Amino acid sequence: MKSKVYIETYGCQMNVADSEVVASILNDAGYSATEEIAEADLILINTCSIRDNAEQRIWGRLKSLGHLRRKNKQLKIGVIGCMAERLKEDLLEREKLVDIVVGPDAYRQLPQLVAEAGSGHKAVNVLLSREETYGDISPVRLDKNGVSSFVSIMRGCNNMCAYCVVPYVRGAERSRDPHSVIREVTELFEAGYREVTLLGQNVDSYNWKGDNTALGFPELLERVASINPLLRVRFSTSHPKDMSDELLNAMARHENICRHIHLPAQSGSTRILKLMNREYSREWYMERVESIRRILPGTAISTDMITGFCTETDEDHRASLSLMEWAGFDFAYMFMYSERPGTRAARKLKDDVPEKVKAERLSEMISLQNRLSAKSKKADIGRVFEVLAEGRSKRSSDFLSGRTSQNKVVVFPAGDFKKGDYVSVLIERATSATLLGTVK
Ligand code: SAH
Ligand code: SF4
Ligand code: F3S
């Protein structure tokens, strides 16, 4: 009988994609993935270090796994991903909760490390690589809907935003061979998938060099979109300093490239952006938004924002709010600044905004965004959207749930439709999280 691995994933979409690569590597070594933690011989926690609370949550989870260990002496527990990279051997030493520690570029070593673990060996590999993209590995899909999937197109990041731990835990940026991207997406389409999201920390800097040619992101995107018009293509994340009109023009040529751009602003204050080392100003960001509106009318824009970065004043905070109001973001992820050891901000700047102030600013920002999101959804009422059905609605099996090209969730009566179908839906109502409509 095959051994069983249970993989639990935290953090960003990149980790979701990596867990599928890990499942594939382990599958070849005789481990099948299970959704039942109780029957696992191996538990892997794919971790995130982006903010302190992300790590605290994982420590809590590791402690809660202690009872499984006491029940099954053979059970091995591994920490993989960004926190493994950041804490290295410390993870094994601290509280003895873990047998295996493997960083994001060492997953090919997992079968060997798992075999070694427990026999007195320290099963650790956190070497970062300049080349590894796992391009040749066909991920084992762990999702349940079979309609949409993530496809990693690059790894690492070269940007060095002052607050960010990603370049330290993910290493230098490298682009994946476009042939392997096209092959993976084609296979997904043939298996019935109807949507892919191309992933990278900064997709606009995708740059494949090989076969005596160079290939940039707009071209890769067009190639992926050309696989089949019935395949929706999304991507994340765009960096405002690199998001070009060339990309927007490429999107305009393909209806199946979704009309949604995630363009993290982080702050609306040019002074703070400079301290963050984001390499753009408030005005530059606004100009990029205007370009999207001009070239791709009707495109949804979402963002990430940080409150309480080092030295942030009330005036800087108001500049963030006014930028959000001006842009009318459809959606936003908002965070309190969390100092990460070893980053440039931790080394050079003082984390001097009191936690209480960070929290007040965050809640003010969330209220504003709730208003903007509601406005954005209200504007859709009375309009017809093509919705890709992803599965039954959580609330009632008589309804299907899917998304518009703009990435808004729509719930509608299922009728004879099934997941994977494109359905024209007239939007009639909006709740705080979803649009409700009828089939047109
Ligand atoms: N590569 C992407 C984002 C990766 S991290 C980009 O450049 O936009 C996702 C988000 O987490 C970031 O956009 C930022 O808003 C937030 N974040 C990153 N480091 C953080 C920190 N130290 N404290 C609070 N939020 C942080
Ligand atoms: Fe972090 Fe900046 Fe790279 Fe995004 S672009 S992963 S925020 S360093
Ligand atoms: Fe977290 Fe690593 Fe992603 S730190 S946000 S899981 S790249």
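Rules used in this analysis
Residues numbered from 1 in each chain as written. Chains lettered and ligands numbered in written order. Predicted model: local features only at pLDDT ≥ 70, side-chain atom pairs only at ≥ 80, totals over all residues. Heavy atoms only, no water. Pairing = 2+ DSSP bridges. Helix = DSSP H or I, 4+ residues; strand = E, 2+ residues; numbered from the N terminus. Near = heavy atom within 4 Å. Polar contact = N/O pair within 3.5 Å; in protein donor to acceptor, adjacent residues only side chain to side chain. Areas by Shrake-Rupley, 256 points an atom, 1.4 Å probe, with all protein chains shown as cover. Nonpolar A, V, L, I, M, F, W, Y, C, P; charged D, E, K, R; others polar. Buried < 20%, exposed > 50% of the residue type's maximum accessible area, 1.4 Å probe, protein only. Right-handed = clockwise from strand over helix to strand, strands pointing away. Salt bridge = Lys/Arg side-chain N within 4 Å of Asp/Glu carboxyl O. Domains from an automatic or database assignment. Contact = heavy atoms within 4.5 Å. Buried area = accessible area lost by both parts, 1.4 Å probe.

Looking now at the pairing of strand β11 (residues 207-210). Pairing geometry for β11 and strand β12 (residues 213-216), over 4 bridges, is antiparallel. Bridge assignment links N207 to a residue of β12, and that residue is G216.

Let's shift gears to the site of ligand 1. Neighbouring ligand 1 are 15 residues, the closest being Y163, Q201, Q266, D304 and S338. Separating an oxygen atom of ligand 1 from a side-chain N or O atom of Q266 is a distance of 2.6 Å. D304 places a side-chain nitrogen or oxygen 2.6 Å from an oxygen atom of ligand 1. In isolation ligand 1 offers 540 Å² of accessible surface; the protein chains occlude 89% of this area. Those elements that place two or more of their residues in the shell around ligand 1 are β15 (300-307) and β16 (331-336).

Moving on to the site of ligand 2. Near ligand 2, the surroundings consist of C157, N159, M160, C161, Y163, C164, V166, P167, Q201, H239 and R278. Split by residue class, the shell around ligand 2 holds 7 nonpolar, 3 polar and 1 charged.

Our next topic: the pairing of β15. Of all 8 residues making up β15, 8 are buried, and the element is well covered by its neighbours. Burial along β15 is two-sided: the face carrying A300, S302, D304 and I306 and the face carrying I301, T303, M305 and T307 are both buried. Of the strand pairs in this sheet, strand β14 (residues 260-262) and β15 are connected by 3 bridges, and their pairing is parallel. Residue pairing in the sheet places I261 in a bridge with I301 of β15. As defined by bridge partners, β15 adjoins β16 across 6 bridges and the pair is classed as parallel. Counterpart to D304 in the pairing with β16 is Y333. For the crossover from β15 across helix α13 (residues 314-327) to β16, the handedness is right-handed.

In the structure shown here, the tally under the stated rule is 36 salt bridges. With a closest N to O distance of 4.0 Å, R183 and E187 form a salt bridge. One end of the pair, R183, and the other, E187, are both in helix α8 (residues 178-190), 4 residues apart, so they sit about a helical turn from each other. A relative accessible area of 36% places R183 in the partly exposed class.

Moving on to the domain arrangement of the protein. Accessible area lost on assembly of the parts is the figure often given for the size of an interface. The assigned domain composition of the protein is domain 1 (3-125), domain 2 (148-378) and domain 3 (384-439). Centre-to-centre separation of domain 1 and domain 2, based on C-alpha positions: 28 Å. Counting residues at the interface gives 18 residues for domain 1 and 21 residues for domain 2. Buried surface at the junction of domain 1 and domain 2, summed over both partners, amounts to about 1,700 Å²; 56% is from carbon and sulfur atoms. A per-residue breakdown of the area domain 1 buries against domain 2 is headed by Q13, M14 and R51, which together make up 36% of the total. Across the pair D105 and R174 runs a salt bridge whose closest N-O atoms are separated by 3.0 Å. Along the contact surface separating domain 1 from domain 2 lie 8 residue pairs in polar contact (both at pLDDT 80 or more). Ranked by residues supplied to the side of domain 1 that touches domain 2, first place goes to helix α1 (residues 13-28) with 7 residues. The residue inventory of the side of domain 1 that touches domain 2, partitioned by class, reads 7 nonpolar, 3 polar and 8 charged.

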